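Each chain is listed here by its residues.
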Amino acid sequence: MNTEKVTARRLTAEEVADLGPQDGIFVAAATEGLSLDCYAPANLTKPGANFEGGSFTARTVFGDEIQLLPDNAEESGIWIADKAGEAIEVLQSAGILLNLALFVPGGNTESLDALYAAARDAFGAGIVQRWSEEAVAVPDVKVDLFEEPVRGRKSASNQNRDRRALDIYPTRVRFLEPSDGWKFVVEPHQEVVDDTPTI
């Protein structure tokens, strides 16, 4: 197990309430339900001031979400880097898992196999693996993608609408996430026609 020693101190619930999602913290490391005797780099899922009941939710760099009660002596707590603190063991990354969605124009089995073989040649046969594969024909149609507030009132002016991306394929929408408090609105692509008279 790859770990490094980091000097840190444990935070109280009041101190955690002053943190935001951009602040780096350390929480108990766990993976696939297995508790590990060390810590993992993490961030709060929302500003500490927004949590209620003294329980905080943190997401580790490995994608695990953990519920924490900082003042509970039976839990490992929430830690922050501090040169005046004590040494803790922090779990390091072994690499990056890349979930890749590929769009192959006019794709067929031969082109996908050639793409897979090229990736294995570049990174190594034991590194590149097919975990799941979904070959789906993509319709030749494009859409406009907008964002709107989740609880916004509909108005003819569409002042709250934000054009996030233009003329993209519908299949790509599945892999995008809207901003917090916003939702996606997908409409058939409309070509922008400039009818300004010219001389």
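Refer to the structure above for everything that follows.
First, a word on what this report is: a plain description of the structure on this page. What you are looking at is a predicted structure, and each value in this text was computed from that prediction instead of being measured. (Residues numbered from 1 in each chain as written. Predicted model: local features only at pLDDT ≥ 70, side-chain atom pairs only at ≥ 80, totals over all residues. Heavy atoms only, no water.)

Glancing now at the overall build of the chain. Each helix and strand counted, the chain has 3 helices and 10 strands in total. Tracing the chain from N to C terminus, the helices and strands come up as β-α-β-β-β-β-β-β-α-β-β-α-β. By the compact-globule yardstick of 16 Å for 199 residues, the chain is too spread out, its C-alpha radius of gyration being 24 Å. Summarising its shape, the C-alpha atoms of the chain cover approximately 75 × 50 × 35 Å along the three principal directions. For the chain, with 199 residues in total, the buried portion stands at 22%. (Helix = DSSP H or I, 4+ residues; strand = E, 2+ residues; numbered from the N terminus. Rg over C-alpha atoms; globule rule 2.2 N^0.38 Å. Buried < 20%, exposed > 50% of the residue type's maximum accessible area, 1.4 Å probe, protein only.)

A few words on the pairing of strand β4 (residues 56–60). Counting buried positions along β4 yields 4 of 5 residues, so the element is predominantly enclosed. As defined by bridge partners, strand β3 (residues 34–44) adjoins β4 across 3 bridges and the pair is classed as antiparallel. Paired with Leu44 across the two strands is Ala58, which belongs to β4. Strand direction decides the pairing type here: β4 and strand β5 (residues 65–68), joined by 4 bridges, are antiparallel. Bridge pairing in β5 links Thr57 to Gln67. Linking β4 back to β5 in an antiparallel pair, the connection comprises 4 residues, with Gly63 at a positive phi of about 90°. (Pairing = 2+ DSSP bridges.)

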